[in-house]
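# Reading the structure
Here's the letter readout for the chains.
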Amino acid sequence: MQQLTSRPIVVGETGCTEVGGDKAAWVTDMFASLADHPEIRGVTWFDFDKETNWRIDSSPGSLDAFRTGVSTLG
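Bear in mind the structure is a predicted one, so any value in this text is a computation, not a measurement.

### Observations regarding the overall build of the chain
Across its full length, the chain holds two helices and four strands. With the C-alpha coordinates aligned to their principal axes, the bounding extent of the chain is approximately 35 × 25 × 20 Å. Taking as baseline every contact in the chain between residues at least 6 positions apart, the subset at least 24 positions apart corresponds to 64%. A total of about 5,300 Å² of accessible surface is found on the chain, and carbon and sulfur atoms cover 54% of it. For the chain, the separation between the mean place of its 6 positive charges and that of its 11 negative charges on side chains is 8 Å.

### Section: helix α2 (residues 60–72)
A rise of 1.5 Å per residue sets the reference length of α2, with its 13 residues, at 18 Å; its end C-alpha atoms lie 19 Å apart and thus fit the reference within 8%. Every buried residue belonging to α2 is among Ser-62, Ala-65 and Gly-69, and all of these are buried. Down the axis of α2, the buried set is contained in an arc of 60°. They therefore lie on one face. Across α2 from its buried face, at more than 90 degrees, point the exposed residues Pro-60, Arg-67 and Ser-71. Those residues of α2 that are buried lie in contact with α1 (23–35).

### Structural notes on the packing of α1 against α2
Packing of α1 against α2 brings their axes to within 8 Å, and their N-to-C directions diverge by 10°. Considered as vectors, α1 and α2 are oriented roughly parallel to each other. Residue-level inspection shows Lys-23, Ala-24, Val-27, Thr-28 and Phe-31 of α1 in contact with α2, the latter providing Gly-61, Ser-62, Ala-65, Phe-66, Gly-69 and Val-70. Per-class residue counts for the contact of α1 with α2 are six nonpolar, four polar and one charged.

Thresholds applied
- Residues numbered from 1 in each chain as written.
- Predicted model: local features only at pLDDT ≥ 70, side-chain atom pairs only at ≥ 80, totals over all residues.
- Heavy atoms only, no water.
- Helix = DSSP H or I, 4+ residues; strand = E, 2+ residues; numbered from the N terminus.
- Contact = heavy atoms within 4.5 Å.
- Areas by Shrake-Rupley, 256 points an atom, 1.4 Å probe, with all protein chains shown as cover.
- Lys, Arg positive; Asp, Glu negative; His and termini not counted.
- Charge placed at Lys NZ, Arg CZ, Asp CG, Glu CD.
- Expected span 1.5 Å × (residues − 1).
- Buried < 20%, exposed > 50% of the residue type's maximum accessible area, 1.4 Å probe, protein only.
- Arc of directions from axis to C-beta.
- Axes fitted to C-alpha atoms, helices over the stretch in contact; angles between N-to-C directions.
- Parallel < 35°, antiparallel > 145°, perpendicular 65-115°, else oblique.
- Nonpolar A, V, L, I, M, F, W, Y, C, P; charged D, E, K, R; others polar.

What follows is the structure in structure tokens.
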């Protein structure tokens, strides 16, 4: 995207399931990546229980990881 525009980037929809991996670790990694990419100014989380539980509070661990990540933004 940076090759196409110098405007800020918003990720329109992201999410992760608990199935097949470690959602809390993925959320933690997402926030670490955001810190490395200041051109990304916003992220919208797909917070629905549909087909699978995409909600950020699908487990205590994923909710804690999200809260910690949000607290690091500034």
